[in-house]
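In case you want the letters, here they are:
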Amino acid sequence: MKKCNIHKRSNDFNSLLAKITKGNEVVNLHSPVFFGNEKKYLNECVDSTYVSSKGRFIELFENKVSKLSDTKYNVAMVNGTSALHLALIITGVKPGDEVITQALSFVATSNAIVYCNASPIYIDVDISTMGMSPEHLNNFLNEYGELKENGTYNKLTGKKISACLPMHTFGFMCRIDEIAKICKKWKISLIEDSAEAFSSSYKNVSAGSTGKISTFSFNGNKIITSGGGGSLTSNSKSIYIRAKHLASTAKVSKNWEFIHNESGFNYRMPNLNAALGLAQLENFDRIKENKKKLYNFYKDNLKEIGLNLKEIPKNNDWNYWLMSISFENKKERDLFLRHTNSKGLLTRPIWKLLYKLPMFNNYQRDSQRNAEFLEKTIVNIPSNVQL
């Protein structure tokens with residue numbers, strides 16, 4: 001594809017977006033919308049003085065998240081990264097252990113692993129879902145896994161593989177049922193990083209409901225936001241009790257005293273954030289429907305200007321969080337990124353693969369053929385619900 005052709009397609013994309021941007025000079029990748037009870041609930045928090053880790057909105061928000069994610073229990077957290085960190089700890093990941101994950105992911109996934117003084121192992125992804133590939137996971141374990149009475153060990157390093165942490169990329173769900181079967185066979189705990197997949201489902205099973213523990217993010221760029229925020233979900237009551245205790249600084253109330261019986265974390269979501277999140281959840285169907293309309297707009301128009309919209313993977317009921325297009329090679333991708341951003345369209349490449357970052361480049365990985373291809377060819381396009 002010639003350079004001028006990319007410029008033409010970029011200009012055509014700019015013209016296409018101009019039809020729905022109302023003349024805005026800059027078109028963001030994401031922007032939250034607040035058209036419900038956000039201000040009302042925030043004012044109630046201020047008036048009540050319950051603006052920190054206690055208040056009625058926290059429980060209301062947790063219950064609503066549980067209902068929409070088909071899980072029994074939910075602990076609202078300050079962000080998705082803290083939820084991941086706590087999930088790994090509760091699952092039993094210990095210093096020196098290893099956690100299977102994917103390199104095509106936001107940095108938080110691997111950060112949470114190293115917070116535990118554990119090591120990530122990077123498994124390749126599927127082209128369609130951009131999430132962990134069950135075939136590559138199975139191949140890795142057949143080659144390097146050694147199943148023992150108390151779990152699976154890595155033949156190469158001698159370390160215990162204590163968890164598997166796939167991530168549902170851009171809200172597309174990976175083939176989580178197949179991954180779950182593999183993890184069960186190898187006695188490896190499954191944790192779902194559902195940060196981007198709130199309300200997505202695969203084969204009618206909701207994101208966050210398959211893993212032993214799952215996590216969500218409600219950051220400002222997600223499909224609904226609590227400002228900063230996340231949650232840890234599970235169908236196990238004992239895990240819920242443990243998570244809530246650790247996230248609340250391991251505090252035990254006794255009469256007028258506060259006693260802390262172990263080293264905990266200050267990870268609980270403030271009432272202010274929960275109030276914002278609850279108001280967003282009340283209008284969730286409307287937000288998701290607007291995102292779907294935007295995707296269908298792209299689907300109807302991008303092909304005509306020669307751009308390839310990433311298709312919804314098979315068996316996915318998608319939340320339409322982040323939309324993307326694909327190019328044939330990195331050169332074409334970079335030309336498009338440069339031209340669109342110079343015009344105020346905030347497009348971006350997919351993440352740099354995590355093992356290419358200096359803090360993660362010495363960890364074990366498989367071929368990464370699919371991840372390498374996606375890194376070079378995927379571009380995220382404005383998925384702003386306001387569009």
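Everything quoted here is computed from the prediction, not taken from an experiment. Throughout, residues of each chain are indexed from 1 in the direction in which the sequence is written. Since the coordinates come from a predicted model, pLDDT governs what is reported: local features require at least 70, and pairs of side-chain atoms require 80 or more to be given and counted, while whole-chain, interface and lining totals use all residues. Heavy atoms throughout the structure, all of them, feed into the side-chain values; hydrogens and water do not.

Draft legend 1. Representation of helix α4 (residues 80-91) in the model. The first and last C-alpha atoms of α4 sit 16 Å apart over 12 residues, in line with the 16 Å expected at 1.5 Å per residue. Exposure classes here rest on a 1.4 Å probe applied to the protein chains alone. A residue is buried below 20% of its type maximum, exposed above 50%, and partly exposed in between. Working definition: helices are DSSP H or I runs of at least four residues, strands are E runs of at least two. Numbering for both runs from the N terminus. In terms of burial, α4 is largely enclosed, as 10 of its 12 residues are buried. Within α4, the full set of buried residues consists of Gly80, Ser82, Ala83, Leu84, His85, Leu86, Ala87, Leu88, Ile90 and Thr91. Under this definition, polar contacts are N or O atom pairs within 3.5 Å; protein pairs additionally need one hydrogen-donor-capable and one acceptor-capable atom, and for neighbouring residues in sequence, both atoms have to be side-chain atoms. N-cap assignment for α4: the residue whose side-chain oxygen lies 3.2 Å from the backbone N of Thr81 is Asn79. Residue Gly92 follows α4 closely and has a positive phi angle near 110°. Multiplying one less than the number of residues by 1.5 Å gives the expected span of a helix.

Draft legend 2. Geometry of the sheet that holds strand β18 (residues 378-380). For two strands to count as paired, DSSP must find a minimum of two bridges between them. Taken in spatial order, the four strands make up an open sheet running β14-β16-β18-β17, and their pairing is antiparallel. Since the sheet does not close on itself, it has two edges, and those belong to β14 (308-309) and β17 (348-349), each with one partner. Relative to strand β16 (residues 324-326), β14 runs antiparallel, the two sharing two bridges. The partner of Asn308 across the bridge, within β16, is Ser326.

Draft legend 3. Expanded view of the packing of helix α2 (residues 38-48) against helix α9 (residues 271-282). Every axis corresponds to a line fitted to the C-alpha atoms, with the helix fit spanning only the stretch in contact, and the corresponding angles, defined between N-to-C directions, vary from 0 to 180 degrees. Running from N to C, α2 and α9 point in directions that differ by 155°, and their axes come no closer than 8 Å. Here α9 runs roughly antiparallel to α2, going by the angle between their axes. Between α2 and α9 lies a crossing of right-handed hand. Seen from α2, the contacting residues are Glu38, Tyr41, Leu42 and Cys45; seen from α9, they are Asn271, Leu272, Ala275, Leu276, Leu278, Ala279, Gln280 and Glu282. Of the residues that constitute the contact of α2 with α9, the class distribution is eight nonpolar, two polar and two charged. Any angle that is under 35 degrees is reported as roughly parallel, and any over 145 degrees as roughly antiparallel; angles of 65 to 115 degrees are reported as roughly perpendicular and all others as oblique. Handedness of a crossing is defined here by the sense of rotation of the near helix relative to the far one, left-handed for an anticlockwise turn of less than a right angle and right-handed for a clockwise turn. Pairs of residues are marked as contacts when any of their non-hydrogen atoms sit within 4.5 Å. In this classification, Asp, Glu, Lys and Arg are treated as charged, Ala, Val, Leu, Ile, Met, Phe, Trp, Tyr, Cys and Pro as nonpolar, and every other residue, Gly included, as polar.

Draft legend 4. Summary view of the packing of aromatic side chains. Pairing of aromatic rings covers Phe, Tyr and Trp, the last through its six-membered ring, and needs centres within 6.5 Å; plane angles under 30 degrees mean stacked, over 60 mean edge-to-face, and all others mean tilted. With the rule as written, the count across this model stands at 21 aromatic pairs. Ring centres 5.1 Å apart and planes at 20° place the aromatic pair Phe265 and Tyr267 in the stacked group. Geometrically, a charge over a ring is one whose NZ (Lys) or CZ (Arg) sits within 6 Å of the ring centre while staying within 35 degrees of the ring normal. The lysine or arginine in question, Lys251, covers the ring of Phe258, its NZ or CZ lying 4.5 Å from the ring centre. Over the ring of Tyr355 we find Arg365; its NZ or CZ atom is 4.1 Å from the centre of that ring.

Draft legend 5. Structural detail: unusual backbone geometry. For Tyr320, which is not a glycine, the phi torsion comes out positive at approximately 60°. In this structure, Tyr320 sits in the loop between β15 (316-317) and β16. On the accessibility criterion, Tyr320 (9% relative accessible area) is buried. In this model, Gln368 sits at a positive phi of 60°, which is unusual for a non-glycine residue. Relative to the elements of secondary structure, Gln368 occurs in the loop between β17 and α12 (369-377).

Draft legend 6. Spatial organisation of the environment of Ser110. Take Ser110: it is sitting in helix α5 (residues 108-115). Look at Ser110 and you get buried, because its relative accessible area is 0%. Sequence-wise, Ser110 and Val252 are 142 residues apart; in three dimensions their C-alpha atoms are separated by 31 Å. What Ser110 contacts, discounting residues up to four positions off in sequence, is Thr101, Pro120, Tyr122, Leu354 and Phe360.

Draft legend 7. Fine view of empty space enclosed by the protein. Grid spacing is 1 Å over the protein atoms alone, the probe is 1.4 Å, and a cavity is where that probe fits but cannot get out, while a pocket is an open set with protein on both sides within 12 Å along at least five of seven lines and lining residues have an atom within 4 Å of a point. Grid points are joined across faces, edges and corners, and a volume is the space filled by probe spheres set on the points. The tally for this structure, following the rule as stated, stands at one cavity of 30 Å³ or more. Ser31, Pro32, Lys222, Ile223 and Val385 are, among the 17 residues lining the largest cavity, the residues nearest its centre. Of the residues belonging to the lining of the largest cavity, the class tally is seven nonpolar, eight polar and two charged.

Draft legend 8. Spatial organisation of the sheet that holds β15. Strand order in the open sheet formed by three strands is β9-β8-β15, and the pairing between neighbours is antiparallel. Pairing within the sheet leaves two strands with one partner each, and these edge strands are β9 (205-206) and β15. One ladder, built from two bridges, connects strand β8 (residues 201-202) with β15; its direction is antiparallel. Within β15, the position partnered with Ser201 by the bridge is Asp317.

Draft legend 9. Geometry of the pattern of salt bridges. For this document, the term salt bridge refers to a Lys or Arg side-chain nitrogen within 4 Å of an Asp or Glu carboxyl oxygen. For the structure on display, the rule yields 12 salt bridges. Asp126 is the partner of Arg175 in a salt bridge, and the nearest nitrogen-oxygen pair spans 3.0 Å. Residue Arg175 is located in the loop between β6 (160-164) and α7 (176-185), and its partner Asp126 is located in the loop between β3 (119-122) and α6 (134-144); the two are separated by 49 residues in the primary sequence. The exposure class assigned to Arg175 is buried, which follows from its relative accessible area of 18%. Of the charged contacts, one joins Glu372 and Lys356 as a salt bridge, the two residues approaching to 3.1 Å between their closest N and O atoms. Note that Glu372 is positioned in helix α12 and Lys356 in the loop between β17 and α12, a separation of 16 residues in sequence.

Draft legend 10. Seen up close, the nonpolar core. In this text, buried Ala, Val, Leu, Ile, Met, Phe, Trp, Tyr and Cys residues form a nonpolar core when linked through side-chain atoms within 4.5 Å. Phe13, Leu104, Tyr298, Leu302 and Ile325 are the most contacted members of the largest nonpolar core, which has 68 residues in total. Secondary structure elements with two or more residues in this core: α1 (3-18), α2, α3 (56-69), α9, α10 (284-301), α11 (330-342), α12 and β18. Of the residues forming this core, the biggest block, six residues, is contributed by α10. For Ile325, the residues in contact, after removing those within four places along its chain, are Leu302, Leu307, Asn308, Leu309, Lys310, Phe336, Thr377, Ile378, Val379 and Ile381. In this structure, Leu84, Ile113, Cys116 and Ile191 belong to the second largest nonpolar core, which totals 24 residues.

Nothing here speaks to function; it is geometry throughout.
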